[in-house]
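# Analysis of the macromolecular model
Given next are the chains, with one letter for each unit.
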Amino acid sequence: MARSLSRLTSRNISQLRTIMMSATQTQTQAKREGNISDSFVSLSGGAREPLPRRFLELKKTLVGGHEDRVVDSWKRLLAELKRENKEIVDKGPRIIPSLNFQDLDGDLTRLGEELKKRGVAVIRGVLPEDEARLFKGDIEEYVKQNPQTKAFPPDNPQVYELYWSAPQLRARAHPNLLRVQAALMKLWRMSNPKSSISMSQPLAYADRLRIRQPGDATFALGPHVDGGSVERWELDGYGLGGVYDKVFEGSWEDFDPWDASTRVSAVMDNYNGLGACSMFRMFQGWLSMSTTKPFEGTLMVNPAVKLSTAYYLLRPFFRSIKDIDHASHDEYLAAENWEFTGSDMTSELQGATPGHGQELNAALHPHLDLENTMVHVPDIKPGDYVAWHCDTIHAVDKIHKGNADSSVLYIPVCPVTELNARYLARQRNAFLNGTPGPDFPGGRGEADHANRQTESSLRSYATAEGLRAFGFAQLSPATTDTSGAKTVTSQANEILGF
């Protein structure tokens, strides 16, 4: 039993998981209208309130009885981060693995371990360049036909509240993309082979799209991590699966970000946030519809997923002795200048706000050296797919300094789990009604849009594999599936009505 859940029996954990799953499903039915800015405090302009005292008690629970091990692990982590940060700065965008779709299996064999260390990859040529370019033109025509389409910011749209346009559906159902998603899921492992998860076939997740114009500085989303924020510390969040227990026990080296078994029962949205993801996305990702280079409104990542995750999880338990105004930069960052908060511990979880994404910055997370270690993805062409691990810190350029738009379709990678199947069933209903997916701001969405896609539209171009991903055909277990995978596939089919 994981240390942080040692006071709970297996039955308690199962009951708690069921309660949280039911609560999440109920909450997602009544979200107000909004846009992507509602997902982040920094974009919404809202005030960040201090966390209530219960988070102080939570923090004490997480490290209670093994504080010395946590302190020692923090020192080791800072030393390793210092070395890793230097390598990231030296290599820049070259540090991100680039794979070719035409040799996907070979490149994954050759670069798989590096991809797992970095937590991010570019897969080139997933869709033909011309086909991906046409997607953008079709979306622009769809928006022109439907001027009521919501976007952020409203007066100069960069990110559209669109989920069911033809290009989005065609991309999610594309055989090439489905093949890439299935291949990427194989990078994950199961510490428990009986885990109720199937990684042999992806499920579709309907997300937004971006057409960012040159010169834009409004969609300046800084370093952040999706999939909740305070939930990463909460026992009824990620703690349900013990995802980060090794970190809180003082042995971050033993933490495996790629262990799918721990993620199956984790709850990522305890607060019904607008845009907070309740579906387990192994990878976030986007498919490019444009040619972009660094500084041209593109993605930036911190390519050290294990180290950076351990750091932002442990950061709330430590404080500086001398602040930055009374020490040199090196003195401020030195391990001996940081101490365990002990009896002065507060409820603060730096950058975490209930109902919003986890945000990071240089002041709150100084040892990550985010000003230098957030590196751009390399040059991107239409049809390239970029994927990053669900714990990866990522951001977008503060200013789009290019001469052409930077346009992508957000398409993550999702396995089959009970939670994901239940979400897929609700998402399928949203598609049929033309409303946003359950995770996203509510309202009528595209219900009244001209030329909105329908089930018959989807069936006209999706393969059997694509229809399964959308929940319109029965899931089929692979011959290599574990017993747990076969069981959850059968369960998912029942949930989906097959």
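This section reports on the structure supplied with the text. The structure presented is a predicted model; accordingly, all values stated were derived computationally and were not measured.

Looking now at unusual backbone geometry. Look at the link from Phe152 to Pro153: it is a cis peptide, with omega at -15°. Residue position: Pro153 is located in the loop between strand E3 (151–152) and strand E4 (159–160). Look at Phe295: it is not a glycine, yet its phi comes out positive at around 75°. Secondary-structure assignment places Phe295 in the loop between strand E8 (283–288) and strand E9 (299–301). The partly exposed category is assigned to Phe295, whose relative accessible area is 48%. Its identity is not glycine, yet Asp369 carries a phi of approximately 50°, on the positive side. By the secondary structure assignment, Asp369 is in the loop between strand E12 (358–359) and helix H12 (370–373).

A word on the packing of aromatic side chains. With the rule as written, the count across this model stands at 16 aromatic pairs. Their ring planes at 50° and their centres at 5.6 Å tell us that Trp258 and Phe283 sit as a pair that is tilted. On the criterion of sequence distance, the pair formed by Trp258 in the loop between helix H9 (245–248) and E8 and Phe283 in strand E8 is long-range, its members being 25 residues apart. Taken individually, Trp258 and Phe283 each receive the classification buried, so the pair is uniform in this respect. Geometrically, the ring pair formed by Tyr332 and Trp338 is edge-to-face, given 5.5 Å between the ring centres and 65° between the ring planes. For Tyr332, a relative accessible area of 11% corresponds to the buried category. Chaining the aromatic ring pairs together yields one cluster made of Trp74, Tyr311, Phe318, Tyr332, Trp338 and Phe340. Over the ring of Phe101 we find Arg179, and its NZ or CZ is 5.1 Å from the ring centre.

What follows concerns the pattern of salt bridges. Taken as a whole, this structure holds 27 salt bridges when the rule is applied. Between Arg179 and Asp105 there is a salt bridge whose closest N-O contact spans 3.7 Å. With Arg179 in helix H8 (residues 175–185) and Asp105 in helix H5 (residues 104–118), this residue pair connects regions lying 74 residues apart in the sequence. Residue Arg118 is joined to Glu114 by a salt bridge in which the shortest nitrogen-to-oxygen separation is 3.0 Å. Pair noted here: Arg118 and Glu114 are both in helix H5, with a separation of four residues, about one helical turn. One network of salt bridges, in which partners are shared, links Glu84, Glu87, Lys91, Glu114, Lys117 and Arg118.

Attention now goes to the environment of Cys414. On the secondary structure map, Cys414 appears in strand E17 (residues 414–416). Cys414 gets classed as buried once you look at its relative accessible area, which sits at 0%. For Cys414, the residues in contact, after removing those within four places along its chain, are Met185, Gln201, Pro202, Leu203, Tyr205, Met279, Phe280, Arg281 and Asn420.

Across the sheet, which stays open at both edges, the eight strands sit in the order E1-E2-E14-E8-E16-E6-E4-E3 with mixed pairing between neighbours. The two strands at the open ends of the sheet, each matched to only one other strand, are strand E1 (98–100) and E3. Two strands pair when backbone bridges link them, and E4 and strand E6 (residues 209–212) are joined in this way by two bridges, in the antiparallel orientation. Pairing of Tyr160 across the sheet is with Leu209, part of E6. In the packing of helix H6 (residues 129–145) onto the sheet, contacts are made with E4, E6, E8 and strand E16 (406–410), and the angle to E6 comes to roughly 90°. Packed onto the sheet, H8 meets strand E2 (120–124), E8 and strand E14 (385–389) and runs at close to 25° relative to E14.

Criteria and cut-off values
- Residues numbered from 1 in each chain as written.
- Predicted model: local features only at pLDDT ≥ 70, side-chain atom pairs only at ≥ 80, totals over all residues.
- Heavy atoms only, no water.
- Helix = DSSP H or I, 4+ residues; strand = E, 2+ residues; numbered from the N terminus.
- Buried < 20%, exposed > 50% of the residue type's maximum accessible area, 1.4 Å probe, protein only.
- Phe/Tyr/Trp six-rings, centres within 6.5 Å; stacked < 30°, edge-to-face > 60°.
- Lys NZ or Arg CZ within 6 Å of the ring centre and 35° of its normal.
- Salt bridge = Lys/Arg side-chain N within 4 Å of Asp/Glu carboxyl O.
- Contact = heavy atoms within 4.5 Å.
- Pairing = 2+ DSSP bridges.
- Axes fitted to C-alpha atoms, helices over the stretch in contact; angles between N-to-C directions.

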